[in-house]
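Fold and geometry: a report
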Amino acid sequence: MKTLQDQKTKQLYSFDNLLEEVVEMGLCNRCGGCVSFCSADRIGALRMNKEGFPEYLDREKCLECGICYLVCPQTHVLKNEVRETFGWKPPIGLYQDVLSARSTDPEILKVGTDGGVVTSILLYMLEHNIIDGAVVSRKTGLLSRQPIIATTREEIIQAAGSQWSETQHLERMGDEYTTFVSTIPIIRKFKPTNRTKLAVVGTPCQIETIRKMQVLKILPSDLIIFTIGLFCMQSFSFSELMGKKFAKDHIVNLEDIDKVNIKEDFMLKMKSGVTIHVPLEEIETIARPACLCCTDFANDFADISVGGLGSPKGYTTVLIRTIDGKKIYTGALNEGYVESRNSRDLHESLLEKSKQLSLVAEYTLYKIERAEKQLKKMLEKE
Ligand SMILES: Cc1cc2nc3c(=O)[nH]c(=O)nc-3n(C[C@H](O)[C@H](O)[C@H](O)COP(=O)(O)OP(=O)(O)OC[C@H]3O[C@@H](n4cnc5c(N)ncnc54)[C@H](O)[C@@H]3O)c2cc1C
Ligand code: SF4
Ligand code: SF4
Ligand code: SF4
């Protein structure tokens, strides 16, 4: 991997470096950042292939500017700059507060993955003209989603949660449906008007790409004024999940699944009311190789990070990181979009916060250790 020193000595990278160090090593997470922000995008140097990996469309058109290499979340260049910019501290990054919260809207509580906090904060921002739209992913099936820029209340609510309502996509279940949604490319395609302001919801790898773009001042990353980062242990393909023994044992019809979620373990809530709990280690066997090498669980560079881990059912754990994160969460709270879960007394509240932080740190350290083992395995194979 190239180091910051290489960058300081003005070594130029090209897509060849990215191919060699990330794609061919099996570390590409298919975020689409390199193709979306390629300087030769308009003349067609790169494309995503059918499997969702980047490749040259026309090698001759590559300008060897290195942007693709720099914005890739799997390379280590710019990591220190991003860390410095966001005052990163080990192991879970900068934060000001941690709490459990939920939406105050019963409609959102019904469709939200956990407490519907993401959806409610986005609605607060949209309805108070803080943003013009939000990069989210709309459900097209149980584990299939399509990235969109939601600009209306209806679109933001449609993107909430992960329950399955459209059965017409059943016959199309296959590799293309994964828990990872490539949301970055849509930002590039967006045609902004003057001073358009966007929020982005994304996994740690997606938010890191955005932060790298912002450090490099690559347009249109200036449009992104707020980021909501999802906790993320791993992504996997749905077809591989269905190949697992537990799925064969428990799921007769895919239509029987009502909701999926991931917290301390992976949960499949069936329409019958039964919830199937699958240990994360089992899901790990079908995780994408790039995910097994990924070290960011708590979305360290987002304005606020969210997950179900550490909160009771129906609540979202919210890690408020930046000054903007604090301002927006307080605004949503004061305007009645979200409510924080109040403990009976201060001592209990502090204890809860400390337990939540320990859990997030524990999962982060697990992920770092897992990545170290995976990288070691890969190097041994070489
Ligand atoms: C791939 C993935 C892995 C996760 N892993 C964990 C985990 O290990 N532990 C944990 O505690 N939490 C995990 N989460 C987060 C958790 O599932 C909830 O999204 C989070 O708690 C917010 O809940 P909510 O009810 O407040 O959000 P909601 O109000 O339901 O809103 C969810 C938002 O997330 C967006 N979204 C959904 N899926 C994706 C996706 N694939 N890519 C980008 N945006 C998406 C939706 O468009 C929506 O805006 C994961 C989420 C994803 C997508
Ligand atoms: S033009 Fe720049 S960003 Fe595009 S492939 Fe070549 S090096 Fe990468
Ligand atoms: S991880 Fe993203 S930016 Fe990096 S090579 Fe893969 S698609 Fe490109
Ligand atoms: S584990 Fe999550 S953040 Fe890491 S590469 Fe996979 S999807 Fe991205």
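Summarised in this report is the structure supplied together with it. Note that the structure is a prediction, hence the values are computed from the model and not measured.

All right, on to the sheet that holds strand 11 (residues 304-307) then. One open sheet accounts for 8 strands, arranged 5-4-6-7-11-12-3-13; its pairing is mixed. The open sheet has two edge strands with one neighbour each: strand 5 (145-150) and strand 13 (338-340). Adjacent strand axes in the sheet meet at a mean angle of 30°, parallel and antiparallel pairs treated alike. In this structure, strand 7 (residues 224-230) lies alongside strand 11, joined through 3 bridges in parallel fashion. Following the sheet pairing, glycine 229 is matched in strand 11 by serine 305. Contacting strand 6 (198-202) and strand 7, helix 10 (residues 204-215) runs over the sheet at an angle of about 155° to strand 7. Contacting strand 3 (97-103), strand 7, strand 11, strand 12 (316-320) and strand 13, helix 15 (residues 323-334) runs over the sheet at an angle of about 105° to strand 13.

The biggest cluster of nonpolar side chains holds 34 residues, and the ones touching the most others in it are Ile121, Leu122, Val136, Ile228, Val318 and Tyr329. Ranked by the residues each element gives to this core, the list is headed by helix 7 (residues 117-127), at 8 residues. When near neighbours in sequence (up to four residues on either side) are disregarded, valine 318 contacts Asp97, Val98, Leu99, Ala101, Val117, Ile304, Ser305, Val306 and Tyr329. Of all hydrophobic cores here, the second largest spans 24 residues; its members include Phe15, Leu18, Val35 and Cys38.

Another point: the environment of isoleucine 225. Relative to the helices and strands, isoleucine 225 is located in strand 7. Relative accessible area serves as the criterion here: at 31%, isoleucine 225 is assigned to the partly exposed category. For the pair formed by isoleucine 225 and isoleucine 130, sequence separation is 95 residues and the distance between their alpha carbons is 9.0 Å. If we ignore the near neighbours within four places in the chain, the residues touching isoleucine 225 are Ile130, Ile131, Lys197, Leu198, Asp303 and Asp324.

Another aspect to go through is the site of ligand 4. In the vicinity of ligand 4 lie 12 residues, with Cys205, Cys232, Cys291, Cys294 and Lys367 positioned nearest. For the shell around ligand 4, the per-class residue count stands at 7 nonpolar, 3 polar and 2 charged.

A sheet is described by the order of its strands in space; here 3 strands give the open sequence 8-9-10, paired in antiparallel fashion. With one partner strand each, in any of the chains shown, strand 8 (257-262) and strand 10 (275-278) form the two edges of the open sheet. Within the sheet, the average angular offset between the axes of one strand and its neighbour, ignoring direction, is 15°. Bridge count for strand 9 (residues 266-270) against strand 10 is 4 bridges, and the pairing is antiparallel. Its bridge partner lying in strand 10, methionine 267 is registered against histidine 277.

About the cut-offs
- Residues numbered from 1 in each chain as written.
- Chains lettered and ligands numbered in written order.
- Predicted model: local features only at pLDDT ≥ 70, side-chain atom pairs only at ≥ 80, totals over all residues.
- Heavy atoms only, no water.
- Pairing = 2+ DSSP bridges.
- Helix = DSSP H or I, 4+ residues; strand = E, 2+ residues; numbered from the N terminus.
- Axes fitted to C-alpha atoms, helices over the stretch in contact; angles between N-to-C directions.
- Contact = heavy atoms within 4.5 Å.
- Core = buried A, V, L, I, M, F, W, Y, C linked by side-chain atoms within 4.5 Å.
- Buried < 20%, exposed > 50% of the residue type's maximum accessible area, 1.4 Å probe, protein only.
- Near = heavy atom within 4 Å.
- Nonpolar A, V, L, I, M, F, W, Y, C, P; charged D, E, K, R; others polar.

The values are spatial; any link to function lies outside them.
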